[in-house]
Amino acid sequence: MRTRDNNKVELVKKTAIELIVKDGLEGFSMNKLARACNISVATLYIYYKDRDDLIVNIAKEEGRGMSDTITKDFDASMSFEEGLRVQWRNRYQYVRDNPMMNGFFEQLRSSSYQQEFLESFLADFKLAMGSFMNNAVARGELEEMPFETYWSIAYGPLYSLIRFDQEGKSMGGRPFKMTDEILWTTFDLVIKAFKK
């Protein structure tokens, strides 16, 4: 039995993410991955049962990493503005440090893998975010609202800016580059939108 080569596993993961971002899930196959890694398909099956196992394992591992980054220095008891600021900083930092992962997660969000991916890290994460929102409501910093409304106002602008930055252009086709000034000016507008 061949032993697991951690360098090869990392190469497989990195290459799989790149291929999925470039070609989409529909264009991704174990054969294509093996060719891109310059290894045999049989080698892939030492590490993963099949294509689904590979994708789910990468999603779970990377999802936990994303969750750890996003919750760094965050506490659900923080004031609303302070906690949301930490969230924006961490989320933006994660995407800047892991540009391919945002594209990978976007592919998963609209696929049959979404549920398994979300379940891998969402329970604790959802609890922390729910507590944060409920604490802000209890302190009178935030009106009670459906979670989807909250998320759209709290994070929609951030992810729109991130998308513009990654594409290098705004909706009108003008060149766009994210700056700290743009990020935090937008954040201040989001905070104003939540104020009564």
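The following refers to the structure shown. (Residues numbered from 1 in each chain as written. Predicted model: local features only at pLDDT ≥ 70, side-chain atom pairs only at ≥ 80, totals over all residues. Heavy atoms only, no water.)

### Quick word on the layout of surface pockets
Its boundaries defined by the atoms lining it, the largest pocket holds a volume of some 920 Å³. Along its surface, the largest pocket is lined by 30 residues, and Arg-91, Arg-109, Leu-118, Trp-151 and Tyr-159 are the ones closest to its centre. At the level of elements, helix H4 (51–70), helix H5 (80–97), helix H6 (99–109), helix H7 (114–138) and helix H8 (147–167) are the ones that each hand at least two residues to the lining of the largest pocket. Broken down by element, the lining of the largest pocket gets its largest block of residues, 11 residues, from H8. (1 Å grid on protein atoms, 1.4 Å probe; cavity = no way out; pocket = protein on both sides within 12 Å on 5 of 7 lines; lining within 4 Å. Points joined across faces, edges and corners; volume = space filled by probe spheres on them. Helix = DSSP H or I, 4+ residues; strand = E, 2+ residues; numbered from the N terminus.)

### As for the pattern of salt bridges
A pair can form between side chains of opposite charge whenever their charged atoms are brought close. Applying the stated criterion across every chain, the model contains 12 salt bridges. As a salt-bridge pair, Lys-32 and Asp-23 come within 3.6 Å of each other at their nearest N and O atoms. Residue classification places Lys-32 among the partly exposed positions, given a relative accessible area of 28%. The salt bridge involving Arg-89 is made with Asp-73; its shortest N-O contact spans 3.6 Å. One end of the pair, Arg-89, is in helix H5; the other, Asp-73, is in the loop between H4 and H5, and 16 residues separate them in sequence. For Arg-89, a relative accessible area of 36% translates into the label partly exposed. (Salt bridge = Lys/Arg side-chain N within 4 Å of Asp/Glu carboxyl O. Buried < 20%, exposed > 50% of the residue type's maximum accessible area, 1.4 Å probe, protein only.)

### Structural notes on the packing of aromatic side chains
Counting across every chain of the model gives 13 aromatic pairs. With a centroid separation of 5.4 Å and an interplanar angle of 75 degrees, the aromatic rings of Trp-88 and Phe-187 are classed as edge-to-face. Placement of Trp-88 in helix H5 and of Phe-187 in helix H9 (residues 180–194) is noted, with a sequence separation of 99 residues between them. Residue Trp-88 shares its accessibility class with Phe-187, and that shared class is buried. (Phe/Tyr/Trp six-rings, centres within 6.5 Å; stacked < 30°, edge-to-face > 60°.)

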